[in-house]
Amino acid sequence: MKSIINISVRDLLDFCLRRGDLDLTTFGAISTTEGIKAHQQIQNQRPEEYQSEVFISHEIETLEYILQITGRMDGLRIADDQIIIDEIKTTKQDLTQIELFENPLHWAQVKCYAYMYAQKYNLGKIDVQLTYFNIDEGKIKEIKHEFTIDELRAYFEPLISTYIKWMDKIHEWTTIRNDSINNLAFPFRDFRHGQEKIMSEVGYAIADQIQLLVEAPTGIGKTLAISLPALQTLGRNELFKIFYLTARTTGRNAAEAALNILREKGLRIKSLSLIAKDKICPNPDRLCNGRDCKFAAGYYNRANNALQSAFENDNFSHNAITDLAIEYQVCPFEFSLELSLWCDFIICDYNYVFDPKVYLRRFFDDDVNDYCFLIDEAHNLIERARAMYSAELNKKQFLELRQLLKNKLPKLYRSLGKINTTYLKIKKQYGSGAATLAENDPPSALQSELEKFSNHAEEWLALNQPADFREVLLDLYFDVRGFLKTAERFDSNYATCYNINDQNLSIKIFCVNPAYHLRSMLEHARSSIFFSGTLKPTEYFLEALGCDGSARHISLPSPFASENLGILVTNRVSTFFRNRHHTKEILARTIVNLIKHRTGNYLVYFPSYEYLQMTFDCFKKQDPNTSTIIQTSNMTEQERLQFIAQFSHESKNSLVGFAVMGGAFSESIDLIGDRLTGAVIVGVGLPPVSTERELIREYFDSLNGNGYAYAYQYPGIIKVLQAAGRVIRSENDRGIVLLIDTRILTPPYDDILPREWDIKQFIRPDELNVLLDEFWGI
Ligand code: SF4
């Protein structure tokens, strides 16, 4: 049976007729809601026989496939012996100034509908009408034209042949891709322990169209084991696209590496790594329009050629896209979004699927499709989603813009003044002392002033005038729109947090439980596979990730010999905040003791920078000669890389890295072999008590009676397990994990610790010495 390829008339024309500059700075387009309303207004004024929103389709059968072109005509009027196809266009331009006959896209659209309709009903001629509606003035201008079927055919056939050539290429590629997948064997001689199980469970989950949580420690090869069954389903044309969603660059690198291994075994797949605009833009100081950026000027004149040539490649990595963008002089970010339409495997950050501000509308504004989401390090998604569905604005932002607009834009200046007054009133209401307070209602007083500001800002921005304050205004305008959109979502899953200090007041609409929003985005995929080394307790993750009732869960033990990992626990040292001054000396002594038994590289994880610094100072007094390195807050990427680079195989002496739990060095770093000999984990990772954490606690207390665990204990122990997971990264690794806290062996923490851990407890230093000697065979 021939496959069916669907294309809408609108997308067909976008592809075949686009010309000109890319312009992401022009403002004032009519919103979809405004457009729909305006269309309905016109349609309601039409005579009785006028039919609105008429579906039309047309099929073209080639040797290989059927191309199905569909569209929805704004209006169809059949009266006496006249048939008129009506296309309504809303505008804000002066109707007397519109060069109507020169707008090829508008005429193209209505001519395509006319051809499809005339062809279907065997008509020799047909009338078409473009109806322009000025949305501000309420004025209408109509232009009619009669076309014969021959005239329409002469227009339509060359147009469609351009697209058919492209579809032939896509069809040919799909055959090559599917053949390569169907002939693809597992790339290694043997499966690692647990790998086959993951592959079969993922295969079933995708086939059954359900969600699956895969908890699998490092070493199983889960990236490959999860990607391969998804690719096999794609090769049977049962999936349309795979989205591999990551939280960090390391996740993206792992996915690219897995695909490269499969490519070496014959896989042909178009894969694309979507890189954030600020990281891939070669012109960061320019504006995204043809006047300012050469990669935007004439972008659409070159885009199709660039696409056709680029399609000779399979692997669109960061570097590959940058090279193509330079070669064809096209904006790399926009071009990568365009390539995503034609690629099979898209590697991108979570936010391209879940963040309401940046999700890929080209895929996820439609109904469910045959997409599969592979969600890497899924334990991170809960906190990331909380941030995505929350929004915050502070008083200072408005005052800074107000200063810039003084004597320039009086209406906006006044509007910003009113926002400032509203902030001051709120501040007065809550008192002047520094505090964070929470309310169960949205910040309505602020919202109404923000709406007014947004309308005034839109009016000015729509003039598209240059000004030195334009960028600041535009940024704040988008922040305000984001805030108002978040306020629209406000329900029992939200709270408003007022963070007051002497200088400022910040108002945050805080998403306490993002599960509902995650669920609604997950519904766009046929199947979602969540995977991580830490997905326990299962009920917590199923609930917090927004999984549906059919979701399954599998948990695999570590594939490495358990005797290679020494797990030592002392539950006699309190790491409570109030005891930290007393315990810093013991901690420092314990670290000195640990490294004395084995020269090597060690990482010590603390619950806070303050505790880290206190213990570090003690350590330095006790052992001034051992090399140390300290994590500091706000390290740059370069500084982080330098930190990690210190952990080398070649070290002749010990190195102790002092880091914070849950930070950049407690997840997603791979210090294989001698690069890491041991980790000391201080505390149970509890997030600090805060207004937001307390809101989470209260929310889940009333939902399931488990608030403290959901807000503090589960997120905490996940950080502990992630930090512990740094030590054994390959089958030849040996190392020590030393856990220090009075609570670690009590519920719920002990239930979540891996079952294969052979935990050895100690109290006194001499007991630790014995255990270390035993482990290292001294
Ligand atoms: S290259 Fe940079 S400045 Fe130019 S259009 Fe692209 S993102 Fe904008």
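Residues numbered from 1 in each chain as written. Predicted model: local features only at pLDDT ≥ 70, side-chain atom pairs only at ≥ 80, totals over all residues. Heavy atoms only, no water.

1. Let's talk about the overall build of the protein
Helices and strands together make up the secondary structure of the protein, namely 27 helices and 25 strands. Radius of gyration (C-alpha) of the protein: 30 Å, near the 28 Å computed for a compact globule of 778 residues. Projected onto its principal axes, the C-alpha positions of the protein cover 100 × 70 × 50 Å. Across the 778 residues in the protein, those meeting the buried criterion constitute 54%. Contacts spanning at least 24 positions in sequence make up 78% of the contacts within the protein whose residues lie at least 6 apart. A gap of 5 Å separates the mean positions of the 86 positive and 102 negative side-chain charges of the protein. (Helix = DSSP H or I, 4+ residues; strand = E, 2+ residues; numbered from the N terminus. Rg over C-alpha atoms; globule rule 2.2 N^0.38 Å. Buried < 20%, exposed > 50% of the residue type's maximum accessible area, 1.4 Å probe, protein only. Contact = heavy atoms within 4.5 Å. Lys, Arg positive; Asp, Glu negative; His and termini not counted. Charge placed at Lys NZ, Arg CZ, Asp CG, Glu CD.)

2. Overview of a negative patch on the surface
Taken together, the side chains of Asp11, Asp14, Asp365 and Asp366 define an acidic patch exposed on the protein surface. As for its position among the elements, Asp365 is in the loop between helix H13 (361–364) and strand E12 (371–375). Residue Asp365 is classed as partly exposed on the basis of its relative accessible area, which comes to 47%. (Patch = residues over 30% accessible without salt bridge, like charges linked within 9 Å, V, L, I, M, F, W, Y side chains within 5 Å. Areas by Shrake-Rupley, 256 points an atom, 1.4 Å probe, with all protein chains shown as cover. Salt bridge = Lys/Arg side-chain N within 4 Å of Asp/Glu carboxyl O.)

3. Some remarks on the packing of aromatic side chains
Counted according to the given criterion, the structure contains 43 aromatic pairs. With 5.7 Å between their ring centres and 80° between their planes, Phe364 and Phe373 make a pair best called edge-to-face. Where Tyr710 meets Tyr714, the ring centres are 5.7 Å apart and the plane angle is 50°; that geometry is what we call tilted. Here the residue Tyr710 and the residue Tyr714 both occupy positions in helix H25 (residues 707–724), the gap between them amounting to 4 residues, near one helical turn. (Phe/Tyr/Trp six-rings, centres within 6.5 Å; stacked < 30°, edge-to-face > 60°.)

4. What about the sheet that holds strand E21 (residues 627–630)?
As summarised here, the arrangement of the 7 strands in space is E21-E22-E20-E23-E24-E19-E25, forming an open sheet in which the pairing is parallel. Each edge of the open sheet is held by one strand with a lone partner, namely E21 and strand E25 (759–761). The sheet shows a mean angle of 20° between the axes of neighbouring strands, taken without regard to direction. Pairing analysis gives 6 bridges linking strand E19 (residues 565–570) to strand E24 (residues 735–740), with the strands arranged parallel. Counterpart to Val569 in the pairing with E24 is Leu739. (Pairing = 2+ DSSP bridges. Axes fitted to C-alpha atoms, helices over the stretch in contact; angles between N-to-C directions.)

5. A word on the site of the ligand
In the vicinity of the ligand, the contacting residues are Lys277, Cys281, Pro282, Asn283, Arg286, Cys288, Cys293, Phe295, Ala296, Cys331 and Pro332. Among the residues making up the shell around the ligand, the classes are represented as 8 nonpolar, 1 polar and 2 charged. (Near = heavy atom within 4 Å. Nonpolar A, V, L, I, M, F, W, Y, C, P; charged D, E, K, R; others polar.)

6. Description of the packing of helix H3 (residues 104–120) against helix H4 (residues 149–182)
Remark: H3 packs on H4, axes separated minimally by 9 Å, with the N-to-C direction vectors making an angle of 115°. On the basis of the axis angle, H3 is roughly perpendicular to H4. Crossing handedness for the pair H3 and H4: left-handed. Contact residues: Ala108, Lys111, Cys112, Ala114, Tyr115, Ala118 and Gln119 in H3; Ile149, Leu152, Arg153, Tyr155, Phe156, Glu157 and Leu159 in H4. Of the residues that constitute the contact of H3 with H4, the class distribution is 10 nonpolar, 1 polar and 3 charged. (Parallel < 35°, antiparallel > 145°, perpendicular 65-115°, else oblique. Left-handed = near helix turned anticlockwise from the far one by under 90°.)

7. Overview of the sheet that holds strand E11 (residues 345–349)
One open sheet holds the 8 strands; their spatial order is E10-E9-E11-E8-E12-E17-E7-E18, and the pairing between them is parallel. The outermost strands of the open sheet, each flanked by one partner alone, are strand E10 (315–316) and strand E18 (552–555). Sheet topology places strand E8 (residues 241–246) next to E12; 5 bridges connect them, and they run parallel. Each bridged residue has a counterpart across the sheet, and for Ile242 the counterpart in E12 is Cys372. Along the sheet face, helix H5 (residues 195–208) touches strand E7 (211–215), E12, strand E17 (527–532) and E18 and points at about 175° away from the line of E18.

8. Quick word on the nonpolar core
In this structure, Leu67 and Phe354 are the most contacted members of the largest nonpolar core, which totals 190 residues. For Phe354, the contacting residues outside a window of four places in its chain are Leu245, Ile375, Leu381, Met388, Tyr389, Leu518, Met521 and Leu522. Among the nonpolar cores identified, the runner-up in size contains 37 residues, and Ile181, Leu228, Leu234 and Leu262 belong to it. (Core = buried A, V, L, I, M, F, W, Y, C linked by side-chain atoms within 4.5 Å.)

9. As for the domain arrangement of the protein
You'll often see interface size given as the accessible area lost when the parts meet. What the domain assignment lists for the protein is domain 1 (3–167), domain 2 (191–269 + 346–389 + 514–559), domain 3 (273–343), domain 4 (391–511) and domain 5 (562–776). Spacing between the C-alpha centres of domain 2 and domain 3 amounts to 27 Å. Contacts between the two partners involve 14 residues from domain 2, matched on the other side by 16 residues from domain 3. The junction of domain 2 with domain 3 conceals about 1200 Å² of combined surface from both sides, 46% of it contributed by carbon and sulfur atoms. Area buried by domain 2 at its contact with domain 3 is led by Arg252, Tyr352 and Arg362, which between them contribute 37% of it. (Domains from an automatic or database assignment. Buried area = accessible area lost by both parts, 1.4 Å probe.)

10. A closer look at the side chain of Asn593
Among the structural elements, Asn593 can be located in helix H21 (residues 580–597). In this view, Asn593 contacts Pro765, Leu768, Asn769 and Leu772; residues no more than four positions away in its chain are not counted.

11. Quick notes on the pairing of E24
Where burial is concerned, most of E24 is hidden: 6 out of the 6 residues are buried. Burial of E24 is two-sided: the residues Gly735, Val737 and Leu739 facing one way and the residues Ile736, Leu738 and Ile740 facing the other way are all buried.

12. A word on unusual backbone geometry
Omega for the peptide link from Lys536 to Pro537 comes to 0°, which places this bond in the cis form. Among the structural elements, Pro537 can be located in the loop between E17 and helix H20 (538–544). The omega angle of the peptide bond from Pro747 to Pro748 is 0°, so this bond is cis rather than trans. At Asn237, a position not held by glycine, the phi torsion is positive, near 60°. As for its placement among the helices and strands, Asn237 is situated in the loop between helix H6 (222–235) and E8. Despite not being glycine, Asn464 has its phi angle at roughly 55°, a positive value. Checked against the element boundaries, Asn464 lands in the loop between helix H17 (444–461) and helix H18 (470–488).

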